[in-house]
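Commentary on secondary and tertiary structure
Here is what each chain is made of, one letter per residue.
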Amino acid sequence: QTSESDHMDSLKDQTASGKEKPEAIKALEVESAPEDGEVASESPTEDPEGPDPLRKFDMENQNYLFEHIKRVLMLESSKSECASEELLIPSEESKVDNALPIHSAVEDLVCRIWGNPEAKHEAPSVLRKLYPFPVDKAALWGTLPEVDRALVTGDSMLSVPHNTDALPKDPTDRKIEEAIKRSFKLAAAQLGVSIYCTYASKALLIWLEEEQARFRKKWVPSGAVQRKRRLCKIAANFIHDAAEDFLRLTVKNVACLTVAWRALWLRPWSSSLDLKYKLLSLPYTGGKLFG
């Protein structure tokens, strides 16, 4: 109780001294009671992602690349052993003609992990060494965010249940929070992987250009060598774009997990939907769930 009161006193001191308040506290101070008949907006409609990245892979080369991948990896279509028998067979219109078959090793991996979805799925510890975050980002992007104590205990506008340490109290909600936390940890590891994949793919394209320029000055390669170089360049462009897509999807995944975790904590609080939506849409910078 002493530490709790000290924490509250420090919050009051910061407010009295005129220091900048956290965004979460600012949102709490906004007049939030909607007028009768007013419908609060559940989520913003604009996509903050910005314009699509400049893609290097030409879709005209997709079939050419996929055919070579299929040949060199000897990919063959196989019947799924873990698919539900009740799944409908896609219509001819919805089928993708050039989709690569799923390798049996990939199929086994998916079936094994999805076969036990409640297992404590964790990222291998070696990933932290392979794809390390810089020191200034590790605590923000590479760790599980904390639920802001200032938000939970520092404002009377939200009618917080007395036993705040037990939130969420419902057993199902606790299960949901455990799953969200595991997903957050996996997404943090995935973010590191996606960043380094993006860097490596960009560097690979530069190295290929340098090698091509160096050999062009010395000798004229045969037709077979030129075709292999072209194939490697096409594959490198594909990897570059895939890494960019992987990075953007990972960042979006973290954003969605943030909203889901916030909503879980806000659900038992007796406050207006308008205020809750404001808290759900606060920018996320890492470290703090609502910060």
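Calculation criteria
Residues numbered from 1 in each chain as written. Predicted model: local features only at pLDDT ≥ 70, side-chain atom pairs only at ≥ 80, totals over all residues. Heavy atoms only, no water. Helix = DSSP H or I, 4+ residues; strand = E, 2+ residues; numbered from the N terminus. Buried < 20%, exposed > 50% of the residue type's maximum accessible area, 1.4 Å probe, protein only. Contact = heavy atoms within 4.5 Å. Areas by Shrake-Rupley, 256 points an atom, 1.4 Å probe, with all protein chains shown as cover. Core = buried A, V, L, I, M, F, W, Y, C linked by side-chain atoms within 4.5 Å. Salt bridge = Lys/Arg side-chain N within 4 Å of Asp/Glu carboxyl O. Phe/Tyr/Trp six-rings, centres within 6.5 Å; stacked < 30°, edge-to-face > 60°.

**Comments concerning the overall build of the protein**
Secondary structure summary: the protein contains ten helices and zero strands in total. A total of 291 residues make up the protein; the buried ones form 25% of that total. Within the protein, residue pairs in contact and separated by at least 24 positions form 83% of the contacts whose partners lie at least 6 positions apart. Total accessible area computed for the protein in this model is approximately 20500 Å², and 57% of it derives from carbon and sulfur atoms.

**A look at the nonpolar core**
Among the nonpolar cores identified, the biggest contains 18 residues, and Phe184, Trp261, Leu266, Leu279 and Leu289 are the most heavily contacted of them. Elements with a minimum of two residues in this core: α8 (171-218), α9 (223-266) and α10 (273-280). In terms of residue count, α9 provides more of this core than any other element does, six residues in total. Residues in contact with Phe184, not counting those within four places in the same chain, are Leu144, Pro145, Val254, Leu257, Thr258, Trp261 and Tyr284. Membership of the second largest hydrophobic core comes to five residues, among which are Phe57, Leu65, Phe66 and Leu231.

**Re unusual backbone geometry**
Here the phi dihedral of Met74 falls at roughly 55°; this positive angle occurs in a residue that is not glycine. When you line up the elements, Met74 lands in the loop between α3 (62-73) and α4 (104-114).

**With respect to the pattern of salt bridges**
Counted by the stated rule, this structure contains eight salt bridges. Between Lys233 and Glu209 there is a salt bridge, with its nearest N and O atoms 2.7 Å apart. A residue pair is termed long-range when its members are at least 10 positions apart, and Lys233 in helix α9 and Glu209 in helix α8 qualify at 24 residues. We note a salt bridge from Glu211 to Arg214, for which the minimum N-O separation is 2.7 Å. On the criterion of helical spacing, the pair formed by Glu211 and Arg214 is a turn pair, its members being three residues apart in helix α8. For Glu211, a relative accessible area of 35% puts it in the partly exposed group. For Arg214, a relative accessible area of 37% puts it in the partly exposed group.

**Thoughts on the packing of aromatic side chains**
Taken as a whole, this structure holds seven aromatic pairs when the rule is applied. Ring centres of Phe66 and Phe238 lie 5.9 Å apart, and the angle between their planes is 85°; this geometry places the pair in the edge-to-face category. Pair noted here: Phe66 is in helix α3 and Phe238 is in helix α9, with a separation of 172 residues, a long-range link. Owing to a relative accessible area of 12%, Phe66 belongs among the buried residues under this scheme. Since its relative accessible area comes to 29%, Phe238 is described here as partly exposed. Clustering of aromatic rings is evident, with ring pairs tying together Phe57, Phe66 and Phe238.

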